Amino acid sequence: MQNGVFKIRLMPNDIIFTCKPGETILDAALRNKISLPHGCTKGGCGICKIKVVGKVDFGRVSKNRLTDEEKEKGFCLSCRAVPLEDVEISLIDGSKLDESFDYKRYFSLIFGSKTVL
Amino acid sequence: MPFRISRLGYVEVKVLDLDDALDFYTNVLGLHLVERVGNKAYLKTWDEQLAYSVILTESDSAGLVRAGFRTVDPEDVDYFEKKLKQYEVPYEVIPEDYKRGKAIRFTIPSGHTFEIYYDIEIPGNFLPKESPDPWPRNLKYDAINPPKIDHMLITAPDPTKTIKFCEEVLEFRATEYIVNGEGQPVAAWLYQARQQPHDLAIIPGREKGLHHFAFHISSAQDIYHAADIMVMNDVKIDWGPGRHGITRGAGIYFFDPFGNRIETFGGYTAYLFDPGAKPIIWTEETMGRGVFYYERKLVETFLTVYT
């Protein structure tokens, strides 16, 4: 396979797509019409946090949105993470990504607090 | 009761890399670098009279460090010091800071650090004091170049309590509220002496959250010009160009290179509020139209994305 081109497998949807060399997981997903959750796209807001199995370059992210401990536990911010090998990704609660995806619910999962409105 | 705070004076915002930040804030946004001091940079807009209105601080996360509100008169700082004592709010006296004199610093119920000050150097804007033209001729032609800082929107875990604090202790007045089923304000747009729709707004969310800070944009043409510049520079736009029902302002939400949301806010469509007039009320049913007038619903990132 071309250098830097890796397979990304979204579970449990079991969809496989590829990233271009240096491309973030989010950019690759959106290019393949897969609507991974995302917000600022600059590593600052944390709403694009996902689980990842496999090596990634985590990129420049806010430490309060992705801690060193979370990096070790296999979380990344998809807007900044660039695969360094074939990787498997999933939403942080392991649920299927579909039309029922709810930003407010995902926000509660990530931040442990609910939006009131 | 007189107004004792004139306006939002400065915001200090964290960035992950000061060089990259300065490239964005000066070349794309079009702010003027006053001075870089250690891990901080002080910036101002072209029509800012005071020494600076934005402080960028290199850190390992994005978000707000503090916000400063300037009083109308020097003795108003003492007035608020007494008021904080009266309400048993702990505060620090900061004798001086960069180009600024005494400030009182305290934490509001939502965890944000606020400062109230009067003394700050007043070098003037980019126009001569005598017989000025309406705008300076040496601005970067392909930058946004907003004339002024406008307002800040913060998030609060208990917005009703934070709104009450800002109204009672800091004497903000409300132009608009979103109220819940019990009639309690859960979001507020608060103003001071300038009588613009807001210097400070509060919505529900995490403590210490910075939803966005905003710069004034003077015309529809300038809003679209700003949007063009964002696209030319591949800036991530969150929403807009669009219009808010609340404040009636036109705006664009976009992100700096570290995820801090900024707004270019079209004050030209917004009102000036008559002191003493009753605040405008929105409900949870109508708030979608209130926040995003044309979309008539909240965009998904509004309540879930901020630093």
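Reading the values: rules and limits
- Residues numbered from 1 in each chain as written.
- Chains lettered and ligands numbered in written order.
- Predicted model: local features only at pLDDT ≥ 70, side-chain atom pairs only at ≥ 80, totals over all residues.
- Heavy atoms only, no water.
- Helix = DSSP H or I, 4+ residues; strand = E, 2+ residues; numbered from the N terminus.
- Buried < 20%, exposed > 50% of the residue type's maximum accessible area, 1.4 Å probe, protein only.
- Contact = heavy atoms within 4.5 Å.
- Polar contact = N/O pair within 3.5 Å; in protein donor to acceptor, adjacent residues only side chain to side chain.
- Domains from an automatic or database assignment.
- Buried area = accessible area lost by both parts, 1.4 Å probe.
- Salt bridge = Lys/Arg side-chain N within 4 Å of Asp/Glu carboxyl O.
- Nonpolar A, V, L, I, M, F, W, Y, C, P; charged D, E, K, R; others polar.
- Core = buried A, V, L, I, M, F, W, Y, C linked by side-chain atoms within 4.5 Å.
- Pairing = 2+ DSSP bridges.
- Axes fitted to C-alpha atoms, helices over the stretch in contact; angles between N-to-C directions.
- Phe/Tyr/Trp six-rings, centres within 6.5 Å; stacked < 30°, edge-to-face > 60°.
- Lys NZ or Arg CZ within 6 Å of the ring centre and 35° of its normal.
- pLDDT = per-residue confidence, 0-100.

### Remarks on the environment of Glu58 of chain B
Residue and element names in this part refer to chain B. You can see Glu58 is positioned in strand 4 (residues 54-58). On the basis of relative accessibility, which here comes to 37%, the residue Glu58 falls in the partly exposed class. Sequence-wise, Glu58 and Leu16 are 42 residues apart; in three dimensions their C-alpha atoms are separated by 5.5 Å. With sequence-adjacent residues up to four places away left out, Glu58 is seen in contact with Val15, Leu16, Asp17, Leu18 and Asn39. A distance of 2.6 Å separates the side chain of Glu58 from the backbone nitrogen of Leu18, its partner in a polar contact.

### Points about the environment of Val82 of chain A
Within the fold, Val82 of chain A resides in strand 6 (residues 82-83). Residues contacting Val82 of chain A, with those up to four places away along its chain left out, are Gly22, Glu23, Thr24, Val56 and Asp57 of chain A.

### Things to note about the domain arrangement of chain B
The extent of an interface is frequently quoted as the accessible surface area lost upon association of the parts. Residues and elements named next belong to chain B. Domain parsing of chain B yields domain 1 (5-117) and domain 2 (148-302). For domain 1 versus domain 2, the distance between C-alpha centres works out to 19 Å. At the interface, 43 residues of domain 1 touch 39 residues of domain 2. Here domain 1 packs against domain 2, burying approximately 3200 Å² in sum over the two surfaces, 76% of which is carbon and sulfur. Considering only the side of domain 1, the residues that lose the most area to domain 2 are Leu8, Phe24 and Pro109, jointly responsible for 16% of the buried surface there. Viewed at the interface, domain 2 and domain 1 are joined by 1 salt bridge.

### Regarding the interface of chain B and chain A
Contact with chain B, which involves 26 residues of that partner, is made by 25 residues of chain A. For the chain B and chain A pair, buried surface summed over both sides reaches about 2200 Å², with 63% attributable to carbon and sulfur atoms. Along the contact surface separating chain B from chain A lie 1 salt bridge. Asp20 of chain B serves as the salt-bridge partner of Arg60 of chain A, at 2.6 Å between the closest nitrogen and oxygen. Where chain B touches chain A, the interface holds 6 residue pairs in polar contact (both at pLDDT 80 or more). Across the side of chain B that touches chain A, the residue classes tally to 12 nonpolar, 5 polar and 9 charged.

### A few points about the nonpolar core
With 63 residues, the main nonpolar core has Val11, Tyr25, Phe114, Met152 and Leu170 of chain B as its most contacted residues. Composition of this core by domain shows at least three residues from each of domain 1 (5-117) and domain 2 (148-302) of chain B. In this structure, Leu10, Cys45, Leu91 and Tyr103 of chain A belong to the second largest nonpolar core, which totals 40 residues.

### Section: the sheet that holds strand 5 (residues 63-71) of chain B
All names here are of chain B. Sheet architecture is open: 8 strands sit in the order 2-3-4-1-5-8-7-6, paired in mixed fashion. The sheet is open, and its two borders are formed by strand 2 (32-37) and strand 6 (91-94), each paired with just one other strand. The mean inter-strand angle of the sheet, taken between neighbouring strand axes irrespective of direction, is 20 degrees. In the packing of helix 1 (residues 18-28) onto the sheet, the strands contacted are strand 1 (5-15), strand 2, strand 3 (40-44) and strand 4, and the crossing angle to strand 3 comes to about 5 degrees. This element, helix 2 (residues 75-86), spans strand 1, strand 5, strand 6, strand 7 (103-107) and strand 8 (113-117) of the sheet and lies at about 30 degrees to strand 7.

### So, the packing of aromatic side chains
For any pair of aromatic rings, the description rests on two quantities: the centre-to-centre distance and the angle between the ring planes. Counted under the stated rule, the structure contains 24 aromatic pairs over all chains. For the pair Tyr253 of chain B and Phe292 of chain B, a centre-to-centre distance of 6.1 Å together with 80 degrees between the ring planes defines the contact as edge-to-face. Taken as a pair, Tyr253 of chain B in strand 15 (residues 250-255) and Phe292 of chain B in the segment after helix 5 (287-291) lie far apart in primary sequence, 39 residues in all. Of the two residues examined, Tyr253 of chain B and Phe292 of chain B, each falls in the buried class. Ring pairing ties together the aromatic residues Tyr10, Tyr42, Tyr52, Tyr98 and Tyr117 of chain B, which thus form one cluster. Between Arg4 of chain B and the ring centre of Tyr79 of chain B, over which it is positioned, the NZ or CZ distance is 3.6 Å. Here the basic side chain of Arg206 of chain B rests over the ring of Phe111 of chain A, its NZ or CZ set 4.0 Å away from the ring centre.

### Details of the confidence of the model for chain B
Residues of chain B with pLDDT of at least 70 account for 100%, and the chain-wide mean is 97. If you check the scores for this complex, the pTM reads 0.97 and the ipTM reads 0.95.

### A short note on the pattern of salt bridges
All names here are of chain B. On inspection of all chains with the given rule, the structure shows 26 salt bridges over all chains. Ionic pairing is found between Arg4 and Asp76, a salt bridge with its closest N-O pair at 3.5 Å. Taken as a pair, Arg4 in the segment before strand 1 and Asp76 in helix 2 lie far apart in primary sequence, 72 residues in all. Here Arg4 and Asp76 have matching classes, each one buried. Taking the shortest distance from any N to any O, the salt bridge between Lys102 and Glu81 comes out at 3.2 Å. Taken together, the residues span a long stretch of sequence, with Lys102 in the loop between strand 6 and strand 7 and Glu81 in helix 2 at a distance of 21 residues. Take Lys102: its relative accessible area is 30%, and that puts it in the partly exposed class. A cluster of three or more residues bridged by salt bridges with shared partners is formed by Glu12, Lys40, Arg66, Asp97, Arg100, Arg105 and Glu115.

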